[in-house]
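Observations on the three-dimensional arrangement
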There are 2 protein chains.
Amino acid sequence: MNTIITIGREVGSGGHEIGLKLAEELGIPFYDKLLISMVAEEGEFAQKYLEEMDEKVDIHIAPFLATRSNYSLYQMPVSDKVYFRQAEIIRELADKGSCVIVGRCADYILEGRPDLVRVFLYADLKDRVARKEAMGLEIIESDMTKHVQVTDRKRSRYYRNYTGQIWGAKENYDVCLNTSVTGIDGAVAMLKTLVEKRNQAE
Amino acid sequence: MNTIITIGREVGSGGHEIGLKLAEELGIPFYDKLLISMVAEEGEFAQKYLEEMDEKVDIHIAPFLATRSNYSLYQMPVSDKVYFRQAEIIRELADKGSCVIVGRCADYILEGRPDLVRVFLYADLKDRVARKEAMGLEIIESDMTKHVQVTDRKRSRYYRNYTGQIWGAKENYDVCLNTSVTGIDGAVAMLKTLVEKRNQAE
């Protein structure tokens, strides 16, 4: 049985690392930034612009960018265009076979497929802040706690905007894990166990 | 490392079976109806009465019972007395070592222990109704769907009454599993994997 694992995640909960390790251990593809590259390679949008768009809703970043020439003219249509093109690609990738997809409302886009397992990862705020601090990121906010909270709000708004659902509400997912308790490796092991059980039950 | 696993669960999601199998596979005690017996054995309350009380808040069942002699006089104090005595016993059991405890707000009662893993199990309504129908229970409601929904509401009210928290909101749990997707054995295997990982990490 194929298994398509989508991972929604709070900032700093380890979603990217867990998704990557899980895909490696299962020997299946992992799609994250790569997904965006695939859209970008089609030549319609520049890579850098897409990275700026990544899981932000235009209406939120618009005030900061509106003075750039021409930007405001294209903002809403471009954001939607990126989303719908990504949704199309996500469906194509899922049709190809088992994979792990992080973010991008993939849970919603693929809902109803019998091969789908929708995961949401969360963690205690202090652990998420510590994890991000350890990465040594440059941030524009006053401190890392603020950065984590602001980025969570962007993800939440993006998800609600395109799905009409509440980001992180367990009703929209099949497996929700607090990585402060499971650990990164614990979460990977649990998800791998689930995939193996599904394969056995086939 | 000890692991205390508490299981909250929607009616018909398989929580009892999952908890029992998990405890068996890990070779640790399982507390459910037994817990109530332990309270009852202390002689303060009759077994049958405790079973009636089990995860119902008096204020809800009172209207149906108020005509029974003396009942209304004791309803609130007895319900609270049962809860606080159970909470005390749950803490004593957790102090003894690894175990699985189903229901009874144990997640809330034990919150803050480093050896605690708080699980919540849910499932699609149609699967929960089918599971309960297969058990051939006698019910007072017009159909099994109604029975499942009414019993969920009782559990939700009981939990809110004693914890002030929302029953089933992922923030109050560490692992939330949709057993329609994981299956009974899948959920058992995932939780067993987590306990094994925690033991390795020791």
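Please refer to the structure placed before this passage.
Quick look at the structure, then.

Rules and cut-offs
Numbering of residues starts from 1 in each chain and follows the order in which that chain's sequence is written. Just so you know, chain letters begin at A and ligand numbers begin at 1, following the order they were written in. Given that this is a predicted model, residues contribute local features only at a pLDDT of at least 70 and side-chain atom pairs are listed and counted only at 80 or more, while totals for whole chains, interfaces and linings are drawn from all residues. To get the side-chain values, all heavy atoms of the structure are used, and hydrogens and water are removed first. Helical segments are the DSSP runs of H or I of at least four residues, strand segments are the runs of E of at least two, and each set is numbered from the N terminus. To sort residues, take the accessible area from a 1.4 Å probe on protein chains only and compare it with the maximum for the residue type: under 20% means buried, over 50% means exposed, and anything in between is partly exposed. In what follows, a contact means two residues having at least one pair of non-hydrogen atoms within 4.5 Å. Under the convention used here, a 1.4 Å probe and the Shrake-Rupley method define accessible areas, while residue burial counts only the protein chains that appear. The term nonpolar core refers to a set of buried residues drawn from Ala, Val, Leu, Ile, Met, Phe, Trp, Tyr and Cys, joined through side-chain atoms within 4.5 Å. Put simply, buried area is the surface a 1.4 Å probe can reach on two separate parts but cannot reach once they are joined, added for both. Think of a salt bridge as a Lys or Arg side-chain nitrogen and an Asp or Glu carboxyl oxygen that are within 4 Å of each other. Distance and chemistry together define a polar contact, namely a pair of N or O atoms within 3.5 Å, with one atom able to donate a hydrogen and the other to accept it when in protein, and with adjacent residues in sequence counting only for side-chain atoms on both sides. Pairing between strands is defined by DSSP: at least two bridges between them are needed. Least squares is used to superpose the copies, and the fit set is the C-alpha atoms of residues whose pLDDT is at least 70 in both copies. A helix's residues, less one, multiplied by 1.5 Å, set its expected span.

**A closer look at the overall build of chain A**
What chain A contains, in helices and strands, is nine helices and five strands. The order of helices and strands in chain A, counted from the N terminus, is β-α-β-α-α-α-α-β-α-β-α-α-β-α. Buried positions account for 55% of the 202 residues belonging to chain A. Partitioning the intrachain contacts of chain A with sequence separation of at least 6 by distance along the chain shows that 70% fall at a separation of at least 24. Carbon and sulfur atoms provide 51% of the accessible area of chain A, an area that totals close to 9500 Å².

**Considering the nonpolar core**
The tendency in soluble globular proteins is for nonpolar side chains to be buried side by side. Counting residues in each nonpolar core, the largest one holds 48 residues, and the members touching the most others are Ile101 and Leu110 of chain A together with Ile101 and Leu110 of chain B. Leave out the neighbours within four places in its chain, and Leu110 of chain A touches Ile4, Thr6, Ile90, Arg91, Ala94, Ile101 and Leu116 of chain A. Ile5, Val188 and Met190 of chain A together with Met190 of chain B belong to the second-largest nonpolar core, a separate cluster that totals 42 residues.

**Things to note about unusual backbone geometry**
Of note in the backbone geometry, Cys105 of chain A takes a positive phi value of approximately 55 degrees without being a glycine. For Cys105 of chain A, the location among the structural elements is in the loop between strand S3 (99-102) and helix H6 (106-109). The backbone of Arg104 of chain B shows a phi angle near 60 degrees, a positive value even though the residue is not glycine. Here Arg104 of chain B lies in the loop between strand S3 (99-102) and helix H6 (106-109).

**Details of the interface of chain B and chain A**
With 24 residues of chain B at the contact, the number on the chain A side is 24 residues. A combined buried area of about 1900 Å² lies between chain B and chain A, and 66% of that area is made up of carbon and sulfur atoms. Here chain B and chain A share zero salt bridges between them. For the interface between chain B and chain A, the tally reads 10 residue pairs in polar contact (both at pLDDT 80 or more). Elements with a minimum of two residues in the side of chain B that touches chain A: strand S4 (116-122), strand S5 (175-178) and helix H9 (179-200) of chain B. With 11 residues, H9 of chain B is the single largest residue contributor to the side of chain B that touches chain A. As paired elements, strand S5 (residues 175-178) of chain A and S5 of chain B share three bridges and run antiparallel to each other. Paired with Val175 of chain A across the two strands is Leu177 of chain B, which belongs to S5 of chain B.

**Quick notes on the relation of the copies chain B and chain A**
Rotating chain B by 180 degrees about the axis while translating it 0.0 Å along that axis superimposes it on chain A, leaving an RMSD of 0.0 Å. Considering both components of the superposition, the chain copies are consistent with a two-fold axis. The overlap is high: 100% of the interface residues of chain B also sit at the interface in chain A, so the same surface is used on both sides.

**A closer look at helix H8 (residues 144-163) of chain B**
All names here are of chain B. Here H8 contains 20 residues, and its C-alpha end-to-end distance of 28 Å stays within 8% of the 28 Å for a straight helix at 1.5 Å per residue. Within the sequence span of H8, burial applies to Met144, His147, Val148, Val150, Thr151, Asp152, Lys154, Arg155, Tyr158, Tyr159, Tyr162 and Thr163. With a side-chain oxygen lying 3.1 Å from the backbone nitrogen of Thr145, the N-terminal cap of H8 falls on Asp143.

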